[in-house]
Amino acid sequence: MASSKHLSTISFMEYDAPSFSFGSFFKTALVLFIVFTFLIMAQISFLAHFTVFGFVPHVVLFLYILIHIFEKPTSGLGTVSALVAGILLDLYSSKPFGFYTALLSAGSLAITIIKSYYVRFPHF
Amino acid sequence: MQFSSLRSRAVLISLILILVVSLNLFSSSVRNFFYSLTSPALSFFWEKGSGGESETELLRSQVHSLVQRLVSLEGTEEENEQLRKALNLKIPEKFEFLETHILARDPGEDSILIDVGEKQGVKSGMPVITPSSVLIGKVGEVLEDFSKVLLVSHPEVSFDGKVVGKDISGLVKGNGRFGAAFSLVSKEKSLEKGDIVVTTKLGLVFPENLLVGEVQSLSSNPADPFQSATLFLLSEQENLGLFFVITTVK
């Protein structure tokens, strides 16, 4: 495992991230797709009427961050949630397709790398 | 197959990203299809969120209607004066419009989704107003059955405006996050807090005398030859969900 090596001796691409399979990927993606679809619809049509300190609560982003903080290293949930949330935000956005997918995926990779090297959260 | 390294994750993300980016080739059809699937739920959520037409909202709408009548009367007064001078009759403006309902509002982009599109004759650039003639914005992206409306606060929206009852004109420009500014106003003019700003015909962006907003705060830089003001958009008070897309101005 990468944690046994010295940080300076490996590139981030060599780091052995926790594994997840294709089967679990699609199962997780389906569940997350349903959850995020519900959340994004609630956000743009229901929560759009309410503001907290002048801001409309961004529940999709909130869940995305929560997943990344509390995901188990072996789940791959963060990557899947970034892709699913990104695609859904792209669907409802006026920006070109791929904008939010790229943004959230890049964020997901960055958080994974930072967590792998510098942060240790307790997993439940 | 196992995604056992960050390299695998990066490859997976890249592949899906390429697929998603390729959707841009037929983005209108994809979005239209997805909106068609989710529009009943969006409509349901919107109604639940707005809580129906509350008494306050109806009263606000009536206030806007009365202000609009005032603007029209002042416009008529000016017009009468001009007519007296020119002895020339002018046909008042009339609109042809499409009734539409709001489905969703994107807080990040100052845009809303409405349930009329290309099939119903909507075109990009058409003005969208409330029943009390408060300007909401203009149509941006048009899909088959849906359209995106860029709100007055959208940074891409700018047009000429004037102050009701005063000889003051300037530029209304969206600032994003549901805010707008009234700028390029001559410093010699007495712009005041509470002044009502309406549209003008200049620039041919919107029909004239549509209510835009109320001057909220003034700012003036000594080095700047113009003064500007922050606008409170009246459209922010209108939450009825029923709008009109102006298709023709007669």
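Residues numbered from 1 in each chain as written. Chains lettered and ligands numbered in written order. Predicted model: local features only at pLDDT ≥ 70, side-chain atom pairs only at ≥ 80, totals over all residues. Heavy atoms only, no water.

Stated formally: UniProt positions are given in the numbering used here, feature names are shortened, and annotations may be inferred rather than shown by experiment.
As annotated in an unreviewed UniProt entry, chain B carries the name Cell shape-determining protein MreC. Looking at chain B in UniProt, the text filed under Sequence similarities (unreviewed entry) is "Belongs to the MreC family."

For chain A, the name recorded in an unreviewed UniProt entry is Rod shape-determining protein MreD. Regarding chain A, the relevant UniProt record gives this comment under Subcellular location (unreviewed entry): "Cell membrane". Under the heading Sequence similarities (unreviewed entry), UniProt records this for chain A: "Belongs to the MreD family."

Some points on the nonpolar core
Counted only if it meets this: Here the nonpolar core consists of buried residues drawn from Ala, Val, Leu, Ile, Met, Phe, Trp, Tyr and Cys, with membership extended through side-chain atoms lying within 4.5 Å. Buried, partly exposed and exposed residues are distinguished by accessible area as a fraction of the type maximum, computed with a 1.4 Å probe on protein chains only: under 20%, between the cut-offs, and over 50%, respectively. Only DSSP runs of H or I covering at least 4 residues are called helices, and only runs of E covering at least 2 are called strands; the numbering of each starts at the N terminus. By definition in these notes, contact holds between two residues if any of their heavy atoms fall within 4.5 Å.
A:Phe36, A:Tyr92 and B:Leu42 are the most contacted members of the largest nonpolar core, which totals 40 residues. Contributions of two or more residues to this core are made by α1 (22-46), α2 (59-70), α3 (77-92) and α4 (99-118) of chain A together with α1 (6-22), α2 (27-50) and β1 (95-106) of chain B. Here this core gets nine residues from one element, more than from any other, and that element is α3(A). Beyond its immediate stretch of four places on either side in the chain, A:Tyr92 contacts A:Ile40, A:Met41, A:Ile44, B:Phe34, B:Tyr35, B:Thr38, B:Leu42, B:Asp106 and B:Lys148. Counting residues in hydrophobic clusters, the runner-up holds 23 residues, among them B:Leu135, B:Val157, B:Val215 and B:Ile246.

A word on the pairing of strand β12 (residues 242-249) of chain B
Residue and element names in this part refer to chain B. Going by this rule: When DSSP locates at least two bridges between a pair of strands, those strands are taken to pair.
As paired elements, β1 and β12 share seven bridges and run antiparallel to each other. Of the residues in β12, the one forming a bridge with Glu-96 is Thr-248. Here strand β3 (residues 127-129) pairs with β12 via two bridges, running antiparallel. If you follow Val-128 over to β12, its bridge partner there is Val-245.

What about the environment of B:Ile168?
Residue and element names in this part refer to chain B. Relative to the assigned elements, Ile-168 resides in the loop between β6 (158-163) and β7 (169-176). Along the chain, Ile-168 and Ser-186 lie 18 residues apart, while their C-alpha atoms are 8.0 Å from each other. Sequence-distant contacts of Ile-168, that is, excluding residues within four places in its chain, are made with Gly-161, Lys-162, Val-163, Phe-182, Val-185, Lys-189, Ser-190 and Leu-191.

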